[in-house]
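# Commentary on secondary and tertiary structure
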Amino acid sequence: MLIKSRESWMLSENDVTDKDIYLNRRSFMKMSGAAALAGTIASHAQAVDRDIAGYKKDPSSLSSELTSYEAVTGYNNFYEFGMGKDDPAKYAHKLTTDPWTVKVSGLAEKTGTYALEDLIDFKAVEERIYRLRCVEAWSMVVPWIGIPLKDIIKKLEPKSEARYVAFKTLKRKSEMRGLRWPVLDWPYQEGLRLDEAMNPLTLMAVGLYGDLLPNQNGAPLRLVVPWKYGFKSIKSVVNIDFTRREPMTSWKRSAPREYGFYSNVNPEVDHPRWSQSTERRIGEWGRRDTLMFNGYEEQVAEMYTGMDLKKYF
Ligand SMILES: Nc1nc2c(c(=O)[nH]1)N[C@H]1C(S)=C(S)[C@@H](COP(=O)(O)O)O[C@H]1N2
Ligand SMILES: [Mo]
């Protein structure tokens, strides 16, 4: 017989430090208010219109080993601001995120250009503690705030012919210094099969650590697909397009042998230039074994039954 000594969401003594740090961080951010949000004039309007104070807390945040706020917001990939890991934190504050519009196009009934606040119900956001596993073999655990992508998609009423959903990032040269370098074919593009997009795990994030997203993490709206490599989790989204055919993605276009459309985290399929079998959790010393589907196998493996994941990498 299984005796549960405590519910998974209850706090053990070992967890207290994590939780205290998290809650202190939250109250710190509340106190410093608009100044903590990117430090731009636009942030004041955000604090009013994009209020996420009422989010439902994920009970697992009380016991999970969160990556520090400093690492989550200071060690990033966001090539629109440069290729260095500290470039996004240094330069993304220049991005104007309010007002923000998202163009919905393609095979859906409710196409058109939406103000962010009309597309996202900021009152319905919830917290989800997800791992993010970068293809460069580091990982983080982040308390995201957002709303399931499926809730957004349902509102947009995709037509029956729609089988994929494609996303684009903003391309604004005046505020994104990284666009000077042709590392990728800008704008950054990503895509999901519609069933992947509708999976309950797939999140459209608007915040992390209890507050709105810092620009370097993809403000004001970014995807989080926790069972896929980090590059699928496209930041600062301005376009959602429903398509019949598999959309091209930026990384696949730049190196088709290295980056596939599916990009499911898979310790058995190596990147051509390095192994994907282990990872370095930011903030830890040793390495961890990488888990199939980044540990979300139970929730997502069914979508890929019968597919050769070495071919569809
Ligand atoms: N538009 C855009 N989105 C992007 C990227 C990027 O360069 N541009 N980098 C991706 C990569 S490689 C990773 S690992 C994650 C990192 O997200 P984080 O900074 O929130 O940890 O963002 C992804 N989304
Ligand atoms: Mo990444």
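Calculation criteria
Residues numbered from 1 in each chain as written. Chains lettered and ligands numbered in written order. Predicted model: local features only at pLDDT ≥ 70, side-chain atom pairs only at ≥ 80, totals over all residues. Heavy atoms only, no water. UniProt positions renumbered as here; feature names shortened; annotations may be inferred. Buried < 20%, exposed > 50% of the residue type's maximum accessible area, 1.4 Å probe, protein only. Contact = heavy atoms within 4.5 Å. Helix = DSSP H or I, 4+ residues; strand = E, 2+ residues; numbered from the N terminus. Near = heavy atom within 4 Å. Polar contact = N/O pair within 3.5 Å; in protein donor to acceptor, adjacent residues only side chain to side chain. Areas by Shrake-Rupley, 256 points an atom, 1.4 Å probe, with all protein chains shown as cover. Nonpolar A, V, L, I, M, F, W, Y, C, P; charged D, E, K, R; others polar. Pairing = 2+ DSSP bridges. Axes fitted to C-alpha atoms, helices over the stretch in contact; angles between N-to-C directions. Salt bridge = Lys/Arg side-chain N within 4 Å of Asp/Glu carboxyl O. Core = buried A, V, L, I, M, F, W, Y, C linked by side-chain atoms within 4.5 Å. Patch = residues over 30% accessible without salt bridge, like charges linked within 9 Å, V, L, I, M, F, W, Y side chains within 5 Å. Arc of directions from axis to C-beta. Phe/Tyr/Trp six-rings, centres within 6.5 Å; stacked < 30°, edge-to-face > 60°.

Per an unreviewed UniProt entry, the protein chain is named Protein-methionine-sulfoxide reductase catalytic subunit MsrP, and its organism is Temperatibacter marinus. Entered under Sequence similarities (unreviewed entry) in the UniProt record, the comment concerning the protein chain runs "Belongs to the MsrP family." The Subunit (unreviewed entry) comment attached to the protein chain in UniProt states, word for word, "Heterodimer of a catalytic subunit (MsrP) and a heme-binding subunit (MsrQ)."

Feature annotation in UniProt places "binding site: Mo-molybdopterin" (unreviewed entry) on Asn76, Tyr79, Glu80, Cys134, Thr169, Asn217, Arg222, Ser233, Ile234 and Lys235, given in this structure's numbering. Look at Cys134 and you get buried, because its relative accessible area is 5%. Setting aside anything within four residues of it in sequence, one finds Cys134 in contact with Asn77, Tyr229 and Gly230. Topologically, Arg222 is positioned in strand β9 (residues 222-224). By relative accessible area, Arg222 is classed as buried at 3%.

In this section: the site of ligand 1. What surrounds ligand 1 is a group of 18 residues, the closest being Asn76, Tyr79, Glu80, Arg222 and Lys235. Within the contact set of ligand 1, an oxygen atom lies 2.8 Å away from a side-chain nitrogen or oxygen of Asn76. Within the contact set of ligand 1, an oxygen atom lies 2.5 Å away from a side-chain nitrogen or oxygen of Lys235. About the coverage of ligand 1: the protein hides 98% of its 530 Å² of free accessible area. For the shell around ligand 1, the per-class residue count stands at 9 nonpolar, 6 polar and 3 charged.

Pairing in this open sheet of 5 strands is mixed, and the strands run β2-β1-β10-β5-β6 from one edge to the other. Looking at which strands have only one partner, the edges of the open sheet turn out to be β2 (112-115) and β6 (189-193). Averaged over all pairs of adjacent strands, the angle between their axes in this sheet comes to 20°, without regard to strand direction. Where strand β1 (residues 101-106) meets strand β10 (residues 237-243), 4 bridges bridge the pair, whose relative direction is parallel.

All chains considered together, the criterion is met by 18 salt bridges. The partner of Glu127 in a salt bridge is Lys57, with the nearest N and O atoms 3.8 Å apart. Taken together, the residues span a long stretch of sequence, with Glu127 in strand β3 (residues 126-133) and Lys57 in the loop between α2 (42-49) and α3 (69-74) at a distance of 70 residues. Residue classification places Glu127 among the buried positions, given a relative accessible area of 3%. For Arg133, the salt bridge goes to Glu279, with nearest N and O atoms at 3.2 Å. Residue Arg133 is found in strand β3, and its partner Glu279 is found in strand β11 (residues 278-281); the two are separated by 146 residues along the sequence. With respect to class, Arg133 is no different from Glu279; both count as buried. Within this structure, Arg50, Asp98 and Glu117 form a network of salt bridges that share partners.

Residues of β11 alternate between two faces, with Glu279 and Arg281 buried on one and Thr278 and Arg280 left unburied on the opposite face. The pairing of strand β4 (residues 138-148) with β11 spans 2 bridges and is parallel. Note on β11: the bridge partner recorded for Ser139 is Arg281. By the bridge criterion, 2 bridges tie β11 to strand β12 (residues 288-289) in an arrangement that is antiparallel.

Ranked by internal contacts, the top residues of the largest apolar core, which has 86 residues, are Leu119, Trp144, Phe167, Ile240 and Phe242. If you tally residues by element for this core, the top one is β4, at 7 residues. Setting aside chain neighbours within four positions, we find Phe242 in contact with Val104, Ser105, Gly106, Leu107, Ala108, Ile153, Leu156, Pro158, Ala162, Tyr164, Val165 and Leu194.

This part covers a nonpolar patch on the surface. Taken together, Met83, Trp181 and Val183 make up a surface patch of nonpolar side chains, about 270 Å² in accessible area. Looking at where Met83 falls in the secondary structure, it is placed in the loop between α3 and α4 (87-91).

Here the focus is helix α6 (residues 149-156). Where α6 is concerned, the buried positions are Leu149, Ile152, Ile153 and Leu156. One side of α6 holds all its buried residues, which, seen down the axis, span an arc of 95°. One or two residues past the end of α6 sits Glu157, with phi positive at roughly 50°.

Once that is clear, we can look at the side chain of Thr249. Tracing the backbone through its elements, the reader meets Thr249 in the loop between β10 and α8 (250-254). Accessibility expressed as a relative area gives 1% for Thr249, which makes it buried. Setting aside chain neighbours within four positions, we find Thr249 in contact with Gln189, Glu190, Gly191, Lys232 and Phe261.

Per the counting criterion, the structure on display carries 13 aromatic pairs. Centroid distance Tyr69 to Tyr209: 5.5 Å. Interplanar angle 80°. Geometry classified as edge-to-face. Here Tyr209 lies in the loop between β7 (203-208) and β8 (211-212) and Tyr69 lies in helix α3, a separation of 140 residues in the sequence. For the pair shown, Tyr69 and Tyr209 are each scored as buried. Pairing Tyr130 with Tyr296 gives two aromatic rings, centres 5.9 Å apart and planes at 80°, and the pair type is edge-to-face. With a gap of 166 residues between them, Tyr130 in strand β3 and Tyr296 in the loop between β12 and α9 (297-300) connect regions that are remote in the sequence. Like Tyr296, Tyr130 is buried.

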